[in-house]
Amino acid sequence: MNTRFSVVLALVASILLGGIAFPASAQRGAPVRPARTSDGHPNLSGIWQAINTAHWDLEDHSPSPSQLYQTGAVGATPGGQGVVEGGEIPYKPDALARKKLNFASRLSLDPEVKCYMPGIPRATYMPFPFQIVQAPNMILMAYEFASSDRVINMGKPVEAAVDTWMGTANGRWEGEALVVDNTGFNDQTWFDRAGNFHSDQLHVIERFTLTDQDHLLYEATIEDPQIFTRPWKISMPLYRHVEKNAQLTDFKCVEYAEELLYGHLRKDPSK
Amino acid sequence: MNRLFAAGAVALALAVAPLASSPILGQQAAKAWTAPKTPWGDPDIQGWFSNLSENGTPLEKPAQFAGRNLEDIKGEELTAIKQAAQNRTVESFAGPLHAPEDWWQKDLNMVKGSQAWLITDPPDGKVPALTPEANARAAAAAEARRANPRGPSDSWEDRSLYDRCITRGLPGSMIPAIYGNSYQILQTPDYVAIRYEMIHETRIVPLDGRAHTSPKIRTYMGDARGHWEGDTLVVETMNFRDEASYRNSNGSTLRLTERFTRVGPSTVKWAVTVEDPKTWVRPWTFAMPLTIDDTQPVLEYACHEGNLGLRNILSAARSEEEAAKANK
């Protein structure tokens, strides 16, 4: 309440002092980040990353070895507490059986292995940073993994034209929270490396809320009546990369997956 | 009805013509558009873009225009050149084996293309001569190919980075192809982002004056830094990977300087200066207008995910080899 009041006061003061509502543009390179954009919304721009084990498994899980013994400790799965509200993903029985099959065959089935776009919400908590570029009418989320990205439409909501990997995102502000309604997904992406999955009926409602300058609370409600008995929710903090020189470094992983995908089509496999 | 309409059009043209040539009104018309600013005061170059109509414009000045300037090729002469290029492009895809004819053909409008070639400097409109070092590099690469000859589809590594859905690189990503040309520019006070539909690539350009990253970090799209010079966004990009370095230049010494200037309601002037002392004897520049087109939003192009083309090229080549063996 107090911080909100002081932000308003600062805004009013800066408008009175000549309409400069954006101190950062006046002194580029200064570490001060404006808490609000010029249209008065929370400023989510920055480079963010999750620090948890959700990407290995959204649910509670023990540490476990890699499926490839050659990768030793490097390829093993760290244990960790889950991020699913209530602890378990409410699968329908058939879907739970398929999830288990996915996990057993994860090296050949996980779309991440093939460098495919990760979809939503998985892109948010992969072990790679992503950058929010909060422009006046559109919010870009650019993910380091596989050069995937999406733009959140903040204008009149649009219907998904076709099913896609990253979905169609319509955003709105609910008080201090950015709420993103995502539809139009294909059935090709997973939620994590544990084989948690969805159908093309997936509907994801995300909420991004700054809890302080460097922490962003991420919540996602997941609906898919073909796969789950009810909607379920994940939540986790995202951490700002505060290094002054932080930036995304292209992770164009296609070339790391080509031997796996096309190796059998080489002219001479011994080459 | 038609005659009435035609008569009306002539009357309108007559009524407008003297007004349009009036110097006072001309000035007022020029004043009517002022370059938009973002809420924080930077020039506003945001929007959805498509350069489709600039497709097929030759990089270098064609011999037929020797002695003439770029700005002199206009009107009917330019339209005729563009119509011919359009016809050639459509015909070049009309072989016995080709994709359906309405996939991209009906949207291709090269006739609206704005220039007869791209290079604006040096004045002769040609890519400058290669340095002795670049010639030696090309000769060594040719020798390596002779020593270890490979077919065009022995492996994915023999296909282009574009075929493999990895990158079109820079300035390749700015240059239109026959489809999938939409891109988007977004701005904040600290960053400019450019998203390309083709392959799906995003360049995020910091404007905060930070230094470039170490040359030990090399990427396909390079390391970009931007700043505003008056109304112009200047973006300098370096630290390219050699495999993607423009026109076989040297990735560690290539430097691209792009300039984006909003010059009209739907036009951003763009130019790129290409500099690599290890490849060309002097820097050179090419330019084209970028067209804001709100009807062309960027859609998701799942290039690698759907890359059946590459798989089919490789498997077809293997099948042909099997067939050749069987026929021996």
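At the junction of the two partners, chain A supplies 49 residues and chain B supplies 51 residues. Taken over both partners, the interface formed by chain A and chain B buries close to 4,200 Å², and the fraction arising from carbon and sulfur atoms is 58%. Summed over the shared surface of chain A and chain B, the result is five salt bridges. The closest approach of N and O atoms between E201(B) and K252(A), which form a salt bridge, is 2.6 Å. At the boundary of chain A with chain B, the tally comes to 18 residue pairs in polar contact (both at pLDDT 80 or more).

Now for the sheet that holds strand β1 (residues 47-49) of chain B. All names here are of chain B. Overall, antiparallel pairing links the four strands, which are arranged β1-β3-β4-β5 in an open sheet. Only two strands of the sheet have a single partner each, and these edge strands are β1 and β5 (201-206). Pairs of neighbouring strands in the sheet enclose a mean axial angle of 15°, with direction left out of account. Strand direction decides the pairing type here: β1 and strand β3 (residues 183-187), joined by three bridges, are antiparallel. Bridging from a neighbouring strand, F49 pairs with Y183 of β3.

Let us look at the pairing of strand β9 (residues 232-240) of chain A. Residue and element names in this part refer to chain A. With burial as the criterion, only one face of β9 is covered, namely that bearing W232, I234, M236, L238 and R240; the residues K233, S235, P237 and Y239 on the opposite face remain uncovered. Strand direction decides the pairing type here: strand β1 (residues 46-50) and β9, joined by three bridges, are antiparallel. The partner of W48 across the bridge, within β9, is R240. Inspection of the sheet shows strand β8 (residues 215-223) paired to β9 by eight bridges, in the antiparallel sense.

A word on the confidence of the model for chain A. Looking at chain A as a whole, the pLDDT averages 90, with 87% of positions reaching at least 70. Note that pLDDT drops below 50 for residues 1-31 of chain A; the model gives that stretch 26 contacts with residues more than four away or on any other chain.

Core analysis: the biggest nonpolar cluster contains 62 residues, and L58(A), W232(A), I234(A) and M236(A) have the highest contact counts within it. Ignoring sequence-local partners within four residues, the contact set of I234(A) consists of L58(A), V83(A), V84(A), P121(A), Y125(A), Y218(A), E219(A) and A220(A). Among the nonpolar cores identified, the runner-up in size contains 35 residues, and V205(B), A224(B), L256(B) and V272(B) belong to it.

This brings us to the packing of aromatic side chains. On inspection of all chains with the given rule, the structure shows 23 aromatic pairs over all chains. Measuring from centroid to centroid gives 6.2 Å for Y262(A) and W156(B), while their planes differ by 45°, and the two rings are tilted. On the criterion of chain membership, the pair formed by Y262(A) in helix α5 (residues 254-262) and W156(B) in the loop between α4 (132-147) and β3 is interchain, its members lying in two chains. For W156(B), a relative accessible area of 3% gives the class buried. Among the aromatic side chains, those forming a connected cluster through ring pairs are Y91(A), F191(A), F197(A), F228(A) and W232(A). Looking at K99(A), its charged tip hangs above the ring of F103(A), at a distance of 5.9 Å from the centre.

What counts and what doesn't
- Residues numbered from 1 in each chain as written.
- Chains lettered and ligands numbered in written order.
- Predicted model: local features only at pLDDT ≥ 70, side-chain atom pairs only at ≥ 80, totals over all residues.
- Heavy atoms only, no water.
- Contact = heavy atoms within 4.5 Å.
- Buried area = accessible area lost by both parts, 1.4 Å probe.
- Salt bridge = Lys/Arg side-chain N within 4 Å of Asp/Glu carboxyl O.
- Polar contact = N/O pair within 3.5 Å; in protein donor to acceptor, adjacent residues only side chain to side chain.
- Pairing = 2+ DSSP bridges.
- Helix = DSSP H or I, 4+ residues; strand = E, 2+ residues; numbered from the N terminus.
- Axes fitted to C-alpha atoms, helices over the stretch in contact; angles between N-to-C directions.
- Buried < 20%, exposed > 50% of the residue type's maximum accessible area, 1.4 Å probe, protein only.
- pLDDT = per-residue confidence, 0-100.
- Core = buried A, V, L, I, M, F, W, Y, C linked by side-chain atoms within 4.5 Å.
- Phe/Tyr/Trp six-rings, centres within 6.5 Å; stacked < 30°, edge-to-face > 60°.
- Lys NZ or Arg CZ within 6 Å of the ring centre and 35° of its normal.

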